[in-house]
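# Per-entry structural report
The lines below spell out each chain.
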Amino acid sequence: MDKLSILALVIILVCALGCGDTSTVVEPTPVPDINATVIRVPRDAATIQAAIDKADPLDTVLVANGTYKGNGNRDIDFRSKSIILLSENGPAYTIIDCAGTADNQHCGLIITSRANDAVVDGFTIKN
């Protein structure tokens, strides 16, 4: 077989076999924001709300062990920010006590749809 015939055969085989699976969808890999900040409660901010108020989108508010109650630690408003609210050691150690009653109702968190990338992890919310 001459070189031209071999080249034609290779081209025919490549076309017939294809170039592999081209139907694969490639998902983008999230790139961490190198400018993101960790704000610690109570070290950097006295209350969870104060830490959220200081936070920029994609920052992490890291809450130490304890029971958090009273103003600034209930009815916590994310203010439409996509932030990460995380306890240091999980829900057994980090409690938001809203101290709500039938006559004086409170909630734990207020997260609007504009904060669609917000994350909350590791809390017990009661009362």
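Everything below is about the structure printed above this text.
Being a predicted model, the structure only gives us computed values, none of them experimental. Numbers given to residues run from 1 along each chain, matching the order in which its sequence is written. At least 70 in pLDDT is required for a residue's local features to be given in this predicted model, at least 80 for side-chain atom pairs to be given and counted, and no such filter applies to totals for whole chains, interfaces and linings, which use all residues. Each side-chain value is worked out from all heavy atoms of the structure, with water and hydrogens disregarded.

### Some thoughts on the overall build of the chain
Put simply, the test is: The secondary structure listing takes helices from DSSP runs of H or I that are at least 4 residues long and strands from runs of E that are at least 2 residues long, numbered from the N terminus. Three exposure classes are used, based on accessible area relative to the maximum for each residue type with a 1.4 Å probe and protein chains only: buried under 20%, partly exposed in between, and exposed over 50%. Only heavy atoms enter the contact rule, under which two residues are in contact if any of them lie within 4.5 Å.
Broken down by element type, the chain carries two helices and nine strands. Counting from the amino terminus, helix and strand elements in the chain follow one another as α-β-α-β-β-β-β-β-β-β-β. Counting all 127 residues of the chain, 28% fall into the buried class. Counting contacts in the chain only where the partners sit at least 6 residues apart, residues at least 24 apart contribute 70% of the total.

### Things to note about the environment of Asn-65
Short version of the rule: Two N or O atoms form a polar contact when they lie within 3.5 Å of each other; inside protein one atom must be a possible hydrogen donor and the other a possible acceptor, and for residues adjacent in sequence the pair counts only when both atoms belong to side chains.
Note that Asn-65 resides in the loop between β2 (60-63) and β3 (66-69). Judged by its relative accessible area of 39%, Asn-65 falls in the partly exposed class. As for Asn-65 and Phe-123, which are separated by 58 residues in sequence, their C-alpha atoms are 9.8 Å apart. Contacts of Asn-65, omitting those with residues within four sequence positions, involve Glu-88, Asn-89, Tyr-93 and Thr-94. A polar side-chain atom of Asn-65 sits 3.0 Å from a polar atom in the side chain of Asn-89.

### Quick word on the state of the cysteines
The condition that has to hold: Criterion for a disulfide: a pair of cysteine sulfur atoms at a distance within 2.5 Å.
All chains considered together, the criterion is met by zero disulfides. Its sulfur unpaired, Cys-107 is 6.5 Å from the next cysteine sulfur, which belongs to Cys-98. Residue Cys-107 is classed as partly exposed on the basis of its relative accessible area, which comes to 32%.

### Quick look at the nonpolar core
Note the following rule: The criterion is simple. A nonpolar core is a set of buried Ala, Val, Leu, Ile, Met, Phe, Trp, Tyr and Cys residues joined through side-chain atoms within 4.5 Å.
Counting 18 residues, the largest nonpolar core has Val-41, Ile-48, Ile-52, Val-61, Val-63 and Leu-85 as its most contacted members. Looking at this core, the elements that each hand over two or more residues are β1 (38-41), α2 (48-54) and β2. Examining the composition of this core, we find that three residues originate from one element, α2, more than from any other. Non-local contacts of Ile-52, meaning those with residues more than four positions away in its chain, are made with Val-61, Ile-76, Asp-77, Phe-78, Lys-81 and Ile-83.

### Topic: the sheet that holds strand β8 (residues 119-121)
Heads up, the rule is: The pairing criterion is simple: DSSP has to find at least two bridges between the two strands. Structural elements are reduced to axes, namely lines fitted to C-alpha atoms, with helices fitted over the stretch in contact, and the angle between N-to-C directions of any two is expressed from 0 to 180 degrees.
The four strands are arranged β1-β2-β5-β8 in an open sheet whose pairing can be described as parallel. Taken across any chain shown, the strands that pair with only one partner, and hence form the sheet edges, are β1 and β8. When the angles between neighbouring strand axes are averaged without regard to direction, this sheet yields 15 degrees. As defined by bridge partners, β1 adjoins β2 across four bridges and the pair is classed as parallel. Paired with Val-38 across the bridge in β2 is Thr-60.

### Considerations on the environment of Ala-55
Relative to the assigned elements, Ala-55 resides in the loop between α2 and β2. Take Ala-55: its relative accessible area is 2%, and that puts it in the buried class. Taking the C-alpha atoms as reference points, Ala-55 and Ser-82, separated by 27 residues in sequence, lie 9.5 Å from one another. Beyond its immediate sequence surroundings of up to four residues, Ala-55 is in contact with Ile-39, Val-61, Lys-81 and Ile-83.

In short, the description is geometric, and any link to function would need to be established separately.
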